[in-house]
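Examination of the molecular architecture
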Amino acid sequence: MQEIIVNENNNTRIDIYLIEKLNFSRSKIQKMLKENYIMVNNENVKNSYLLKANDIITINNYVEELPNISPENMDLDIVYEDDDVIVINKANGIVVHPAVGNSSHTLVNGLMFHSKKLSDINGEFRPGIVHRIDAFTTGLLMVAKNNFAHEFLAKQLEEKKTVRKYIALVWGIIETDTGTIDAPIGRDKKDRKKMAVTDQNSKKAITHFKVLKRYHNASLIELQLETGRTHQIRVHMNYINHPVVNDPVYGKRKLLDESGQCLHAKILGFVHPRTLKYMEFESDLPECFQNILNKFIDN
């Protein structure tokens, strides 16, 4: 059980207050209130309740009903595998792990069919998953086959010792050859499904980039993450007015097709958890990315 004491009389609706405080969706907060998982001063309240100073909010443990997930025979592009680690080149359109309303055809379903041994540190719905990339971002990610490897790799990520380089095609001509975006990222206050650069309930986010090639109205860039926030590259590039080409969520630019954003996790490097040797992998741009890039090359 979690307890929150309201410090000031802010006259804010409890659902709005907890969305900011807990980083939950509005629908989840409202469901928890309706089912009495959230109470104020030991009483049930509606989502429209206006908070007062010294109100005590209690939040009881809440488990969403998630479906069973099953192994699926999928065509996985495995770049490397041993007894501890799998490196996968994720295809376009593949969600990394199941969630409410999406329990099949994810990368995890394919991993469960491929390997009987996967770490369970992140729970039964994210076996083996150490880090993730968006459904319509392609490229490399590492998977742990046991908890020893998972903890070792996760610590490298936390300590910023992994190498993760992305290639992106972004709208507009970036004049500087290199740059760093240091801007905190949190939930968008107007749309909780999106992330945004904000100083409220946010986390530090740093992205480094360099320009590889300039076209008549776009730039091909390499990016290196210093932090790993949700949608970080897409949010940061939109923040500096160079949104990722074909991004259906950020940037509000015309989509060239339905294949998703031109963002590819090209290089992944890490120290192997057992051999302690540095390993680095690289993958080519996928066809969906290359097809869009060709349109800019030809013009």
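Preceding this section is the structure that the text describes.
Parameters and conventions
- Residues numbered from 1 in each chain as written.
- Predicted model: local features only at pLDDT ≥ 70, side-chain atom pairs only at ≥ 80, totals over all residues.
- Heavy atoms only, no water.
- Helix = DSSP H or I, 4+ residues; strand = E, 2+ residues; numbered from the N terminus.
- Rg over C-alpha atoms; globule rule 2.2 N^0.38 Å.
- Buried < 20%, exposed > 50% of the residue type's maximum accessible area, 1.4 Å probe, protein only.
- 1 Å grid on protein atoms, 1.4 Å probe; cavity = no way out; pocket = protein on both sides within 12 Å on 5 of 7 lines; lining within 4 Å.
- Points joined across faces, edges and corners; volume = space filled by probe spheres on them.
- Nonpolar A, V, L, I, M, F, W, Y, C, P; charged D, E, K, R; others polar.
- Core = buried A, V, L, I, M, F, W, Y, C linked by side-chain atoms within 4.5 Å.
- Contact = heavy atoms within 4.5 Å.

1. Remarks on the overall build of the chain
- In terms of regular secondary structure, the chain is built from six helices and 14 strands.
- In terms of overall dimensions, the chain is globule-like: its C-alpha atoms have a radius of gyration of 21 Å, near the 19 Å expected for 299 residues.
- Its C-alpha atoms give the chain principal-axis dimensions of roughly 65 × 45 × 35 Å.
- Scored against the burial criterion, the 299 residues of the chain give a buried share of 47%.

2. Thoughts on the layout of surface pockets
- Roughly 190 Å³ of internal volume is contained in the second largest pocket.
- Lining the second largest pocket are 18 residues, and of these D77, N89, K90, A91 and N92 lie nearest its centre.
- Broken down by secondary-structure element, the contributors of at least two residues to the lining of the second largest pocket are strand 5 (85–90) and strand 6 (138–144).
- By residue number, the principal contributor to the lining of the second largest pocket is strand 5, which donates three residues.
- The residue makeup of the lining of the second largest pocket, split by class, is nine nonpolar, five polar and four charged.

3. What about the nonpolar core?
- If you look at the biggest cluster of nonpolar residues, it comprises 31 residues, and the most contacted ones within it are I88, L111, Y166, I221, L223 and M237.
- Secondary-structure elements contributing two or more residues to this core are strand 5, helix 3 (107–114), strand 6, strand 7 (163–171), strand 11 (206–214), strand 12 (218–225), helix 5 (232–239) and strand 13 (263–271).
- Top element by residues in this core is helix 3. It accounts for four residues.
- I221 has contacts with Y166, I167, A168, V170, I174, F209, K210, V211, L212 and M237, leaving out every residue within four places of it along the chain.
- Core analysis: the next-biggest nonpolar cluster, separate from the first, contains 16 residues, V6, I14, L22 and I38 among them.

4. Describing helix 1 (residues 14–22)
- Within helix 1 the residues assigned to the buried category are I14, D15, Y17, L18, I19 and L22.
- Next to the buried residues of helix 1 lie strand 1 (2–5), helix 2 (26–34), strand 2 (38–40) and strand 3 (56–59).

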